[in-house]
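This is what each chain is made of:
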2 protein chains.
Amino acid sequence: MQTNSSVFLGDKFYNREHLNFILFDVLKAETITQYDYFSDHTKETVEMYLDATDQFSKEYLFPHLVEMDRVQPELVDGRIRVHRVHRDIMRIGGENGWISILASKEVGGMQMPSVFSTASSYIMGAANYSGCVFMGLTMGAAHLIEAFADKKYHDLYLPKMFAGEWQGTMALTEPGAGSSLSDVVTTAEKQDDGTYKIVGQKIFISCGDSDAVDNVVHLLLARVKGAPAGTKGISMFIVPRERMKEDGTLEHNDVTSIGVYHKMGYKGAPIAHLSFGENNDCRGWLVGEENKGLSYMFQMMNEARISVGLHATSISSAAYYASLKYANERLQGRNIAEKNPEMPQIPIIQHADVKRMLLFQKTFIDGALCLELQCAYYADLARVETGEAQEKYHLMLELLTPVAKSYPAEMSNLSTSTAIQIFGGYGFTKDFIAEQYYRETRIHTIHEGTTAIHGLDLLGRKVMMKGGKAVMLLMQEVMGDIAKAKQHDNTKAQAVALEKKLGQLQELSMHLMGVAQKEGVEAYLSDATLYLELFGVLVMGWQWIKMANTCNENGNIDEQFKGSKFLCFNYYFEYELPKAEALLQRLKSTNRVTVGIDSTLID
Amino acid sequence: MQTNSSVFLGDKFYNREHLNFILFDVLKAETITQYDYFSDHTKETVEMYLDATDQFSKEYLFPHLVEMDRVQPELVDGRIRVHRVHRDIMRIGGENGWISILASKEVGGMQMPSVFSTASSYIMGAANYSGCVFMGLTMGAAHLIEAFADKKYHDLYLPKMFAGEWQGTMALTEPGAGSSLSDVVTTAEKQDDGTYKIVGQKIFISCGDSDAVDNVVHLLLARVKGAPAGTKGISMFIVPRERMKEDGTLEHNDVTSIGVYHKMGYKGAPIAHLSFGENNDCRGWLVGEENKGLSYMFQMMNEARISVGLHATSISSAAYYASLKYANERLQGRNIAEKNPEMPQIPIIQHADVKRMLLFQKTFIDGALCLELQCAYYADLARVETGEAQEKYHLMLELLTPVAKSYPAEMSNLSTSTAIQIFGGYGFTKDFIAEQYYRETRIHTIHEGTTAIHGLDLLGRKVMMKGGKAVMLLMQEVMGDIAKAKQHDNTKAQAVALEKKLGQLQELSMHLMGVAQKEGVEAYLSDATLYLELFGVLVMGWQWIKMANTCNENGNIDEQFKGSKFLCFNYYFEYELPKAEALLQRLKSTNRVTVGIDSTLID
């Protein structure tokens with residue numbers, strides 16, 4: 001089998017030691033197994049699961065990384081042809097129980113805490129993002145069926161999906177309804193037998209068709225004829241490519257692949273343009289109740305959004321480790337103070353600016369991974385806790401989700417670009433892997449809601465929900481960690497700096513409330529994207545405070561490892577936190593610039 | 001002939017009105033034709049030249065933009081095969097006198113002011129960067145021959161190069177000598193006939209070989225046997241692919257193409273890996289004196305570096321105009337305050353965040369173009385002025401060059417990324433042009449010296465040269481413009497803000513001098529890249545002050561045009577200038593982070 005051939009990949013795409021540190025030292029996530037729901041698992045079984053993921057990633061994902069980029073999916077005779085290893089991936093994912101790992105035991109799942117399946121997904125995404133999305137999307141679609149569809153559909157779909165024989169998708173976007181989901185026009189007409197006739201087109205459907213599976217099950221948003229306009233009239237349907245007849249055999253369900261997108265990266269995953277009901281014979285099965293489709297979808301969105309932030313981070317991790325290896329090997333130049341040209345050249349990692357570029361990547365990657373895993377952990381806690389504790393984790397997760405989705409997505413573009421820069425001219429060539437990562441990760445600020453959409457979500461909804469309770473709860477959490485950090489000389493100054501910035505964020509939020517009242521919602525939200533970025537910078541600072549606290553409090557961590565963490569910690573507060581200042585300055589200004597201007601002036 | 005087929009390109013790749021504003025209103029560059037050397041030209045002839053460039057760009061460059069990306073150069077039977085339009089481009093460039101346009105009349109050139117040929121190059125680069133570099137590199141190589149080589153070589157090479165029959169290159173980089181040029185190991189051994197035998201390999205040679213021309217003339221750096229180590233032992237040679245025999249026919253000069261790089265973008269231009277003297281029969285002709293090669297090369301570097309910044313800007317311009325057209329056409333969503341989902345969707349340009357993204361691009365593009373043209377204009381003034389005035393323009397150009405090269409290169413990555421973002425999901429597909437621009441422009445922070453190299457150049461050499469005289473002269477210039485801006489209500493606050501930041505920059509520079517003395521050169525230069533960025537932010541502010549001053553002072557500019565400029569002006573000072581604050585904060589810190597640390601801690 002052809003593999004990555006002669007492209008420089010480095011030898012490592014993530015760092016297990018750093019991952020374990022976050023899981024078991026910072027989050028102490030294994031304590032979740034004390035709850036009944038997760039009690040089948042232990043730290044040891046989790047480590048075995050991650051070991052198996054690691055091995056699988058090295059055998060089936062990483063070796064096909066370049067090849068998937070070079071030979072992309074094509075629509076052939078009405079079916080999208082994908083790389084043949086995808087069938088193995090789905091089969092093994094099924095055999096190993098990875099596709100059902102999050103599902104409840106009731107439907108044949110393993111009830112794994114999300115924090116650990118997220119860690120597993122991180123490893124796979126670092127090895128080959130295109131290779132791991134087939135499983136991830138199937139898990140998401142299965143989760144929707146389990147959570148909202150009638151029991152009879154569980155039996156019909158879940159076993160096949162969990163086995164990796166059938167693929168799941170989320171079919172939302174249409175040519176006229178991307179960011180504006182309320183404009184979905186695909187129609188569903190109820191039939192006498194209780195099914196619905198579906199007619200419409202969906203675009204940008206990830207893994208929307210492929211010859212790696214025997215069937216594709218779409219969780220599709222459509223509008224039942226006569227439903228109200230906007231978000232209140234959207235329903236969710238199960239729409240399989242092949243529907244099951246009474247005798248258990250499959251027949252075509254009038255779902256047609258009419259195109260596959262050729263993309264700048266992330267090419268291994270087929271993104272389809274689909275037509276439903278071209279011959280007026282496409283049936284859908286309603287999930288839950290009519291007109292509640294969007295609310296179901298949004299209850300699953302946190303998962304998908306965290307997955308995007310996670311994989312932006314995982315791709316950045318792979319780019320980082322490739323550039324780190326190169327920086328240690330490549331000889332070029334001498335110390336800036338060395339005047340003798342006859343001295344041997346030194347590895348570029350010894351140049352201050354290369355160190356800066358490496359620390360920029362690493363500090364982002366570890367901080368973002370810590371955030372993504374914390375969000376997954378909050379999801380687990382919200383599942384098993386009750387009452388106030390449950391609400392607390394739920395609200396904090398809601399608040400952090402737009403940040404966890406978007407901040408790493410935006411930063412990943414810069415981080416992978418920095419990896420290219422370390423390779424110099426080689427980084428621009430196809431002979432080195434960095435350029436592929438740069439192309440792959442560019443999707444992440446777009447899919448599952450653009451960064452702008454998440455800015456609106458954060459400032460327009462999350463910050464204000466329940467009278468600002470989510471922000472208050474999060475602040476309590478952060479201030480607790482800051483208080484700890486103030487106890488240690490090596491973290492005190494940074495804790496104080498973060499505390500000050502948090503105070504300024506709160507002042508800013510108050511100021512913006514005033515803007516909303518005086519100038520209206522458009523002015524209030526006009527720089528929501530920057531507010532999101534500011535929030536992200538501070539949340540990252542918090543992650544580094546938590547990691548530093550762990551180093552200070554846990555006697556078992558070795559000195560070299562602590563040194564590595566404190567170097568990043570120091571980097572973050574010296575180079576990244578100051579960026580908050582620029583954002584605060586702009587956000588506090590009352591000069592609107594983008595509101596109430598004639599758009600023909602932009603020419 | 002196959003062209004761009006079905007890819008969405010928009011209908012405009014630059015804005016001539018804005019270009020003319022900078023040339024004739026802001027810079028008043030036509031006044032240069034009052035000097036003898038440039039007296040053949042007038043504003044009218046310059047406009048005809050730009051008209052011709054525009055027409056040529058629309059006929060020969062823009063139509064092949066996508067095709068050059070899809071069918072890249074290949075090494076076939078020892079020769080690099082390129083897109084066939086390149087031969088037309090070179091032929092027409094020769095026929096129209098564009099390749100010789102900057103050269104002196106003495107060698108058959110047209111003595112065009114550089115500021116106008118730079119404007120022409122901008123238009124071509126916006127239409128198709130890969131398509132215009134053949135001419136640009138030939139101009140640069142010819143300029144080296146004219147300036148430093150013996151007259152007999154003028155007659156031998158320049159007519160063929162000016163006619164577009166022969167291609168010129170700069171052959172500097174080697175496998176072990178990229179950023180560290182002093183490590184060039186290609187050797188030159190003097191022969192009895194006065195020629196030199198050349199042996200070595202050169203990599204990343206732009207247009208280093210192609211079947212679009214009949215010969216390639218390399219301006220090559222090599223080390224004469226016995227020369228001192230380092231930069232002091234590097235000489236420059238003319239090394240043609242085919243050398244001329246006594247009878248005027250050509251014979252092979254033992255220059256072999258051993259590879260063509262496949263790149264992430266900028267694919268239309270062949271980047272070659274060349275071997276010289278594989279059969280011990282490669283001859284070179286010395287340019288000027290032995291061991292002075294690097295100084296010759298560096299005297300030409302300003303041109304090449306300004307060209308990089310210019311083309312980063314031109315690619316960004318093309319991406320911007322594509323995204324602007326889309327933003328005006330694409331309907332999605334409603335005003336954020338509109339609650340009725342039955343209202344029609346609006347063009348996305350009406351959303352505040354889309355306006356912000358468009359203004360981010362446009363403000364960068366117009367500001368950077370203004371800087372590049374100003375630098376070219378300073379080069380013209382340094383050529384025709386004498387005494388103190390000449391020194392002034394020369395020094396300011398030296399100081400601004402690393403900024404003019406790197407700031408637009410770095411910003412272009414963000415600007416083209418923003419163009420993608422405006423297209424949403426479509427921006428990630430090959431059906432829309434934005435992703436190509438994003439890939440093309442990524443080269444610009446790398447070639448002609450990485451951003452880090454230019455940071456070192458600025459802070460390590462330019463700021464301190466002649467006791468800081470360049471900085472002093474530039475500050476005088478800037479303060480003059482600030483003083484004017486303070487006279488008008490609509491620019492006063494911004495002028496004061498910029499003045500304050502310039503004061504902080506000067507304090508910072510003093511602080512850093514102290515660091516150099518106390519901690520040494522490595523600490524002093526450790527954040528030179530950030531210093532360069534800070535300098536860039538302030539220089540852009542100055543460009544916007546100049547443009548605003550022009551609008552305020554020139555009664556002939558129409559109101560809509562002024563409105564467009566002041567919108568960008570306002571955007572710049574609200575959204576971009578605050579970024580200086582974050583950089584200042586870091587640069588003033590005495591916590592080193594990247595100096596004196598064990599690099600194994602970066603893991």
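As the structure is a prediction and not an experimental result, all values here were calculated from the model.

This part covers the overall build of chain A. In terms of regular secondary structure, chain A is built from 17 helices and 12 strands. Relative to its length of 603 residues, chain A is compact, with a C-alpha radius of gyration of 24 Å against a globular reference of 25 Å. The C-alpha extent of chain A, read off along each of the three principal axes, is 80 × 65 × 60 Å. The buried share of chain A, taken over its 603 residues, is 58%. Sequence-distant contacts in chain A: of pairs separated by 6 or more residues, those separated by 24 or more amount to 76%.

Listed per partner, the contact involves 80 residues of chain B and 80 residues of chain A. Secondary-structure elements contributing two or more residues to the side of chain B that touches chain A are α8 (352-384), α9 (387-423), α10 (434-441), α14 (521-525), α16 (559-576) and α17 (579-588) of chain B. Class assignment for the residues of the side of chain B that touches chain A results in 29 nonpolar, 34 polar and 17 charged.

Our focus in this paragraph is helix α17 (residues 579-588) of chain A. Inspection of α17(A) places A:A580, A:E581, A:A582, A:L583, A:L584 and A:L587 among the buried residues, and these make up the whole buried set. Along its buried surface, α17(A) packs onto α13 (489-519) and α15 (528-553) of chain A together with α17 of chain B.

Now for the relation of the copies chain B and chain A. The transformation that overlays chain B on chain A combines an axial shift of 0.0 Å with a rotation of 180 degrees, and the residual RMSD is 0.0 Å. The superposition of one copy onto the other is thereby described by a two-fold rotation axis. Taking the C-alpha atom as reference, chain B places B:A582 closest to the rotation axis, 3.0 Å from it.

A word on helix α7 (residues 293-329) of chain B. Residue and element names in this part refer to chain B. Under the 1.5 Å per step criterion, the end-to-end length of α7 is 54 Å for 37 residues, consistent within 8% with the ideal 54 Å. Roughly 40 degrees is the biggest bend found in α7, and it falls at M300. Within α7, 28 of the 37 residues are buried, leaving the element largely enclosed by the surrounding structure.

Before going further, it helps to examine the pairing of strand β12 (residues 283-287) of chain A. Residues and elements named next belong to chain A. Taking burial as the measure, the 5 residues of β12 include 5 buried ones, the bulk of the element. Alternating positions in β12 separate into two faces, R283, W285 and V287 on one and G284 and L286 on the other, with burial throughout. Bridge count between strand β7 (residues 235-240) and β12: 3 bridges; the pairing is antiparallel. Looking across to β12, one finds that F237 is bridged to L286.

Turning next to the packing of helix α13 (residues 489-519) of chain B against α17(B). The description of two helices packed together rests on the angle between their axes and the distance between the axes. All names here are of chain B. At a minimum axis separation of 10 Å, α13 and α17 run at an interaxial angle of 15 degrees. When the axes of α13 and α17 are compared, the pair comes out roughly parallel. Of the two elements, α13 crosses α17, and the hand of that crossing is left-handed. Contacts between α13 and α17 pair K501, Q504, L508 and H511 from the former with A580, L584, L587 and K588 from the latter. Counted by class, the contact of α13 with α17 contains 4 nonpolar, 2 polar and 2 charged residues.

The next thing to look at is the nonpolar core. Counting 409 residues, the largest nonpolar core has A:F237 and B:F237 as the members making the most contacts within it. Setting aside anything within four residues of it in sequence, one finds A:F237 in contact with A:A188, A:Y196, A:I198, A:L220, A:A222, A:G284, A:W285, A:L286 and A:V287.

Phi at B:D77 takes a positive value of approximately 50 degrees, unusual for a residue other than glycine. Residues other than glycine seldom take positive phi values, yet B:K466 does so here, at roughly 50 degrees.

Residues and elements named next belong to chain B. Running from N to C, α7 and α8 cross one another at 150 degrees; their axes reach a closest spacing of 9 Å. Taken together, α7 and α8 sit at an angle that is classed as roughly antiparallel. Where α7 crosses over α8, the two elements pack in a sense that is left-handed. Contacts from N302, I306, G309, L310, T313, S316, S317, Y320, S323, L324 and A327 in α7 reach V354, L358, Q361, K362, F364, I365, A368, L369, E372, C375, A376 and A379 in α8. Here the residues of the contact of α7 with α8 sort into 14 nonpolar, 7 polar and 2 charged.

Along a regular strand, successive side chains alternate from one face of the sheet to the other. Residues and elements named next belong to chain A. Buried residues dominate strand β11 (residues 271-276), accounting for 5 of its 6 residues. Two elements, strand β5 (residues 196-206) and β11, share 5 bridges in a ladder whose sense is antiparallel. Residue pairing for β11: G200 is matched across the bridge by F276. In this structure, strand β10 (residues 255-260) lies alongside β11, joined through 5 bridges in antiparallel fashion. Considered in β11, the bridge of G259 is made with H273.

With respect to the helices and strands, B:V260 occurs in strand β10 (residues 255-260). Along the sequence, B:V260 and B:H273 sit 13 residues apart, while their C-alpha atoms lie 6.0 Å from each other.

Residue and element names in this part refer to chain A. Examined against the element boundaries, Y524 turns out to sit in helix α14 (residues 521-525). By the C-beta count within 10 Å, which is 22 here, Y524 ends up buried. Sequence spacing of Y524 and V595 is 71 residues, and the spatial spacing of their C-alpha atoms is 9.9 Å. For Y524, the contacting residues outside a window of four places in its chain are L512, V515, A516 and E519.

So, on to the confidence of the model for chain A. Per-residue confidence for chain A gives a mean pLDDT of 97; residues scoring 70 or more make up 99%. Taken together, the chains of this predicted complex give a pTM of 0.98 and an interface ipTM of 0.98.

One can find A:L359 in helix α8 (residues 352-384). When the C-alpha positions of A:L359 and A:G425 are compared, they lie 21 Å apart, and in sequence the two are 66 residues distant. With residues up to four places along the chain from it excluded, the contact list for A:L359 reads A:L567, A:C568, A:Y571, B:T594 and B:I602.

Thresholds applied
- Residues take numbers from 1 onward in each chain, read along the sequence in its written order.
- Chains carry letters and ligands carry numbers; both start at the beginning, A for chains and 1 for ligands, and go up in the order they are written.
- Owing to the predicted nature of the model, reporting of local features is limited to residues with pLDDT of at least 70; listing and counting of side-chain atom pairs is limited to 80 or more, with chain, interface and lining totals taken over all residues.
- The helix and strand labels rest on DSSP assignments: H or I over at least four residues marks a helix, E over at least two residues marks a strand, and numbering proceeds from the N terminus.
- Taken over C-alpha atoms, the radius of gyration is set against a globule rule of 2.2 Å times the number of residues to the power 0.38.
- For the exposure call, what matters is how many other C-beta atoms sit within 10 Å of a residue's own: 20 or more marks it buried, 12 or fewer exposed, and in between partly exposed, using C-beta atoms placed from the backbone.
- Each residue gets a C-beta atom placed from its backbone, and two residues are in contact if those atoms lie within 7 Å.
- Following the grouping adopted for this structure description, the nonpolar residues are Ala, Val, Leu, Ile, Met, Phe, Trp, Tyr, Cys and Pro, the charged ones are Asp, Glu, Lys and Arg, and the polar ones are all others, Gly among them.
- Fitting of the copies onto one another was done by least squares over C-alpha atoms, counting residues only where both copies have pLDDT of at least 70.
- Expected span, for any helix, means 1.5 Å times one less than how many residues it has.
- Bend at a residue means the angle formed by two fitted axes: the first through the 7 residues ending at that position, the second through the 7 residues beginning there.
- At least two bridges found by DSSP between two strands is the condition for calling them paired.
- Axis definition: a line fitted to C-alpha atoms, over the contacting stretch in the case of helices. Angles run 0 to 180 degrees between N-to-C directions.
- Any angle from 65 to 115 degrees is called roughly perpendicular, while one under 35 is roughly parallel, one over 145 is roughly antiparallel, and all others are oblique.
- By definition, any crossing whose near helix is turned counterclockwise from its far helix by less than a right angle is left-handed, and any crossing with a clockwise turn is right-handed.
- One nonpolar core equals one set of buried Ala, Val, Leu, Ile, Met, Phe, Trp, Tyr and Cys residues connected by C-beta atoms within 7 Å.
- One confidence number per residue, pLDDT, is output by the predictor and ranges from 0 to 100.

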